Amino acid sequence: LIPAALRVGEHTILDGADLEISVEGPVILEKACNSLSTFALKYDMMGADPTIHVRSRQTGDSLRLPGGRKQLKKLLIDRKIPAARRDLIPVITDGEQILAVYGLGTDTALAACPGDRALIVKIWVRGDKKP
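Note that this is a predicted model, so its numbers are computed, not measured.

Rules and cut-offs
- Residues numbered from 1 in each chain as written.
- Predicted model: local features only at pLDDT ≥ 70, side-chain atom pairs only at ≥ 80, totals over all residues.
- Heavy atoms only, no water.
- 1 Å grid on protein atoms, 1.4 Å probe; cavity = no way out; pocket = protein on both sides within 12 Å on 5 of 7 lines; lining within 4 Å.
- Points joined across faces, edges and corners; volume = space filled by probe spheres on them.
- Nonpolar A, V, L, I, M, F, W, Y, C, P; charged D, E, K, R; others polar.
- Salt bridge = Lys/Arg side-chain N within 4 Å of Asp/Glu carboxyl O.
- Helix = DSSP H or I, 4+ residues; strand = E, 2+ residues; numbered from the N terminus.
- Buried < 20%, exposed > 50% of the residue type's maximum accessible area, 1.4 Å probe, protein only.

Colleague: Run through the layout of surface pockets, naming residues and quoting values.
Modeller: Roughly 220 Å³ of internal volume is contained in the largest pocket. Around the largest pocket sit 13 residues that line it, and Ile81, Arg85, Leu88, Ile89 and Tyr102 are the ones nearest its centre. Partitioned by chemical class, the residues of the lining of the largest pocket number ten nonpolar, one polar and two charged.

Listed below in structure tokens is the structure:
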């Protein structure tokens, strides 16, 4: 997966993963919309000019999901993701901390709730209709 950086309103194709990604917002979240491919992130925790970075997993990456923090490597093994595909899974960061992982979900500490200002990050298979 070739790393990419996006700002609000931008859209790109993730080279090497056959996926597309967009960043929208900020919006006032009306209802929970987090899924395995759509992430509502707390805008107020993103800084004045938020940039979303997309990269492959790195040694030591971890994610807080319901049930606690777990190493990304262990999460991918538990979900039986083949080793050859693990480096193609987009990891969404703000440049420092992991915000979400495609196919796994949003970090619980950074997930926006209804009423929060949020950035919406959407990832979909290239050629499919945007979610």
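Colleague: Tell me about the pattern of salt bridges, and please be specific about residues and values.
Modeller: Following the criterion strictly, the structure yields seven salt bridges and no others. Its salt-bridge partner being Lys122, residue Glu24 comes within 3.8 Å of it at the nearest N-O pair. On the criterion of sequence distance, the pair formed by Glu24 in strand S3 (residues 19-28) and Lys122 in strand S11 (residues 117-125) is long-range, its members being 98 residues apart. Note that Asp78 and Lys74 form a salt bridge whose closest N and O atoms lie 3.8 Å from each other. On the criterion of helical spacing, the pair formed by Asp78 and Lys74 is a turn pair, its members being four residues apart in helix H1 (residues 72-78). What makes Asp78 partly exposed here is its relative accessible area of 36%.

Colleague: Requested: an account of unusual backbone geometry, with residues and values cited.
Modeller: In the segment running from Gly25 into Pro26, the intervening peptide bond is cis, with an omega of -5°. Within the secondary structure, Pro26 is located in strand S3. A positive phi angle is found at Lys80, which is not glycine, with a value near 60°. In this fold, Lys80 is placed in the loop between H1 and helix H2 (83-86). Under the relative-accessibility criterion, Lys80 is labelled exposed at 70%.

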